[in-house]
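# Structure assessment
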Amino acid sequence: MTPCDKDLLYSIRMRAERGGSHLSGAERIGSALDVERMAAALARRAMTHPRGCAESIRITVEALTGEPQCARLPELTTLTVSDYRHGRELAGRCLERCGVAPPVVARAIDLLSAGAAPGGVSMRGALLLDATTGERLDPDPARGVRVSRMDLTALAASELAHQLRTVGLDNPHVREALILAGKVLLTPGIIAELCWSDDPDYVAGYVAAAAIGYVRFPQLKPAGEECGGRVFFVDRAHFELAAAIEFLQRTPVLFDRVGLIRSPRLWEEWI
Ligand code: AMP
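These numbers come from a predicted model, not from an experiment. (Residues numbered from 1 in each chain as written. Predicted model: local features only at pLDDT ≥ 70, side-chain atom pairs only at ≥ 80, totals over all residues. Heavy atoms only, no water.)

### Concerning the domain arrangement of the protein
- Here the protein is partitioned into domain 1 (9–66) and domain 2 (70–270).
- Between the C-alpha centres of domain 1 and domain 2 there is a distance of 22 Å.
- Of the residues lining the interface, 13 residues belong to domain 1; the matching set on domain 2 comes to 14 residues.
- Together, the buried faces of domain 1 and domain 2 total about 1,000 Å²; carbon and sulfur atoms form 43% of this surface.
- Sorting the residues of domain 1 by area buried against domain 2 places Arg 15, Glu 27 and Ile 29 first, and these three jointly supply 47% of that buried surface.
- Scanning the region where domain 1 abuts domain 2 turns up 3 salt bridges.
- In this structure, Arg 45 engages Glu 176 in a salt bridge whose closest nitrogen and oxygen atoms are separated by 2.5 Å.
- Scanning the region where domain 1 abuts domain 2 turns up 6 residue pairs in polar contact (both at pLDDT 80 or more).
- Of all elements in the fold, only strand 1 (9–18) and strand 2 (21–31) reach the threshold of two or more residues within the side of domain 1 that touches domain 2. (Domains from an automatic or database assignment. Contact = heavy atoms within 4.5 Å. Buried area = accessible area lost by both parts, 1.4 Å probe. Salt bridge = Lys/Arg side-chain N within 4 Å of Asp/Glu carboxyl O. Polar contact = N/O pair within 3.5 Å; in protein donor to acceptor, adjacent residues only side chain to side chain. Helix = DSSP H or I, 4+ residues; strand = E, 2+ residues; numbered from the N terminus.)

Right under this line is the structure:
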């Protein structure tokens, strides 16, 4: 490797397709010396995806223009649920406690379970809902808003892996969702997030909000269901759409501290 600017940080992003549709996506932030290793790891991930080997992989490497914002990851709590209906009921109660109006909670759950993009399929990004009125604010209903340019420092990554291992959650799903939710909660005017995966085999999901951290539900959808997605709930009084989209998509955030990772508990023990 030729000498390069060791102080520059890079965003390294991967998107892979198979059979003409999205297969895998992930991203990292690293120094010039990390780029080769991180890009190779992302390519390997696309080539060894459980749903099959990628047919096309696009890896983008871009130097960051500004200093990343440093922050702490949210705390993680797992709430034990008996099935996905119970999970949705408790997720709804969490959202209501954080200021989302009950009809907006119901609308969010309906949108995610039906597929919020045109044609009843999952969106590529997140949808934005006014937490009081339920009005949809994302400008492109198929794409939604993509959260990008966030990662952990090496030290925070090893601390997080260690803590997640103690509760049996050290996997890319949880790690990456926690990082994404951490960035979402730093966005002015976003008061909460609801997520479950569009992967038919991955039925866990979460609610994240400043007051409760990242609250994980082992079941938030029935096995085999293909629809999933993310909803960001917005307090319009403190929200500016263009600034929020710019922050979510472009401002680099590096988490250098880890929040508490709690062992699973019942709603009654937690509340
Ligand atoms: P996943 O957790 O990767 O299974 O993604 C679940 C859903 O979250 C996807 O169907 C998208 O709607 C949404 N999503 C995935 N990645 C992002 C992202 N980077 N930013 C915003 N929404 C996303």
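### Remarks on the pattern of salt bridges
- This structure, assessed with the given rule, holds 15 salt bridges.
- Between Asp 151 and Arg 28 there is a salt bridge; the shortest N-O distance is 2.7 Å. With Asp 151 in strand 7 (residues 150–152) and Arg 28 in strand 2, this pair connects stretches of sequence that are 123 residues apart.
- Ionic pairing is found between Asp 170 and Arg 165, a salt bridge with its closest N-O pair at 3.7 Å.
- According to the relative accessible area criterion, Arg 165 is exposed, its value standing at 52%.
- Salt bridges here are not isolated pairs; linked through shared partners, they connect Arg 13, Glu 62 and Arg 149. (Buried < 20%, exposed > 50% of the residue type's maximum accessible area, 1.4 Å probe, protein only.)

### What to know about the site of the ligand
- Around the ligand there are 14 residues in total, and Met 123, Val 147, Ser 197, Asp 198 and Arg 230 lie nearest to it.
- Between an oxygen atom of the ligand and a main-chain N or O atom of Gly 125, the distance comes to 2.9 Å.
- In the environment of the ligand, an oxygen atom lies 2.9 Å from a nitrogen or oxygen atom belonging to the side chain of Arg 230.
- A breakdown of the residues in the shell around the ligand according to their chemical character gives 6 nonpolar, 4 polar and 4 charged. (Near = heavy atom within 4 Å. Nonpolar A, V, L, I, M, F, W, Y, C, P; charged D, E, K, R; others polar.)

### A short note on the packing of aromatic side chains
- This structure, assessed with the given rule, holds 2 aromatic pairs.
- An angle of 25 degrees between the planes, with centres 4.3 Å apart, marks the rings of Tyr 206 and Tyr 214 as stacked.
- Residue class for Tyr 206 comes out buried when judged on its relative accessible area of 2%.
- Tyr 214 gets classed as buried once you look at its relative accessible area, which sits at 2%.
- The ring of Trp 196 has Arg 88 lying over it, and the distance from NZ or CZ to the ring centre is 4.2 Å.
- The ring of Phe 247 has Lys 183 lying over it, and the distance from NZ or CZ to the ring centre is 5.2 Å. (Phe/Tyr/Trp six-rings, centres within 6.5 Å; stacked < 30°, edge-to-face > 60°. Lys NZ or Arg CZ within 6 Å of the ring centre and 35° of its normal.)

### Details of the sheet that holds strand 1
- Strand order in the open sheet formed by 3 strands is 2-1-3, with antiparallel pairing between adjacent strands. Taken across any chain shown, the strands that pair with only one partner, and hence form the sheet edges, are strand 2 and strand 3 (56–63). Averaged over all pairs of adjacent strands, the angle between strand axes in this sheet comes to 15 degrees, irrespective of strand direction.
- Where strand 1 and strand 2 come together, 10 bridges link them in antiparallel fashion. When the sheet's bridge partners are listed, Leu 9 is paired in strand 2 with Ser 31.
- With respect to the sheet, helix 1 (residues 35–47) is in contact with strand 1, strand 2 and strand 3, its orientation differing from that of strand 2 by roughly 165 degrees. (Pairing = 2+ DSSP bridges. Axes fitted to C-alpha atoms, helices over the stretch in contact; angles between N-to-C directions.)

### Quick look at a nonpolar patch on the surface
- On the surface, a nonpolar cluster with roughly 290 Å² of combined accessible area is contributed by Met 47, Ile 57, Ile 59 and Val 61.
- The biggest single contributor to the nonpolar patch is strand 3, with 3 residues.
- Structurally, Met 47 is set in helix 1.
- For Met 47, a relative accessible area of 40% gives the class partly exposed. (Patch = residues over 30% accessible without salt bridge, like charges linked within 9 Å, V, L, I, M, F, W, Y side chains within 5 Å. Areas by Shrake-Rupley, 256 points an atom, 1.4 Å probe, with all protein chains shown as cover.)

### Quick notes on the side chain of Arg 13
- Considering the arrangement of structural elements, one finds Arg 13 in strand 1.
- Within the structure, Arg 13 has its side chain in polar contact with the side chain of Ser 11 (distance 2.7 Å).

### Some points on unusual backbone geometry
- The backbone of Arg 149 sits at a positive phi, close to 65 degrees, despite the residue not being glycine.
- Among the secondary structure elements, Arg 149 is positioned in the loop between strand 6 (126–130) and strand 7.

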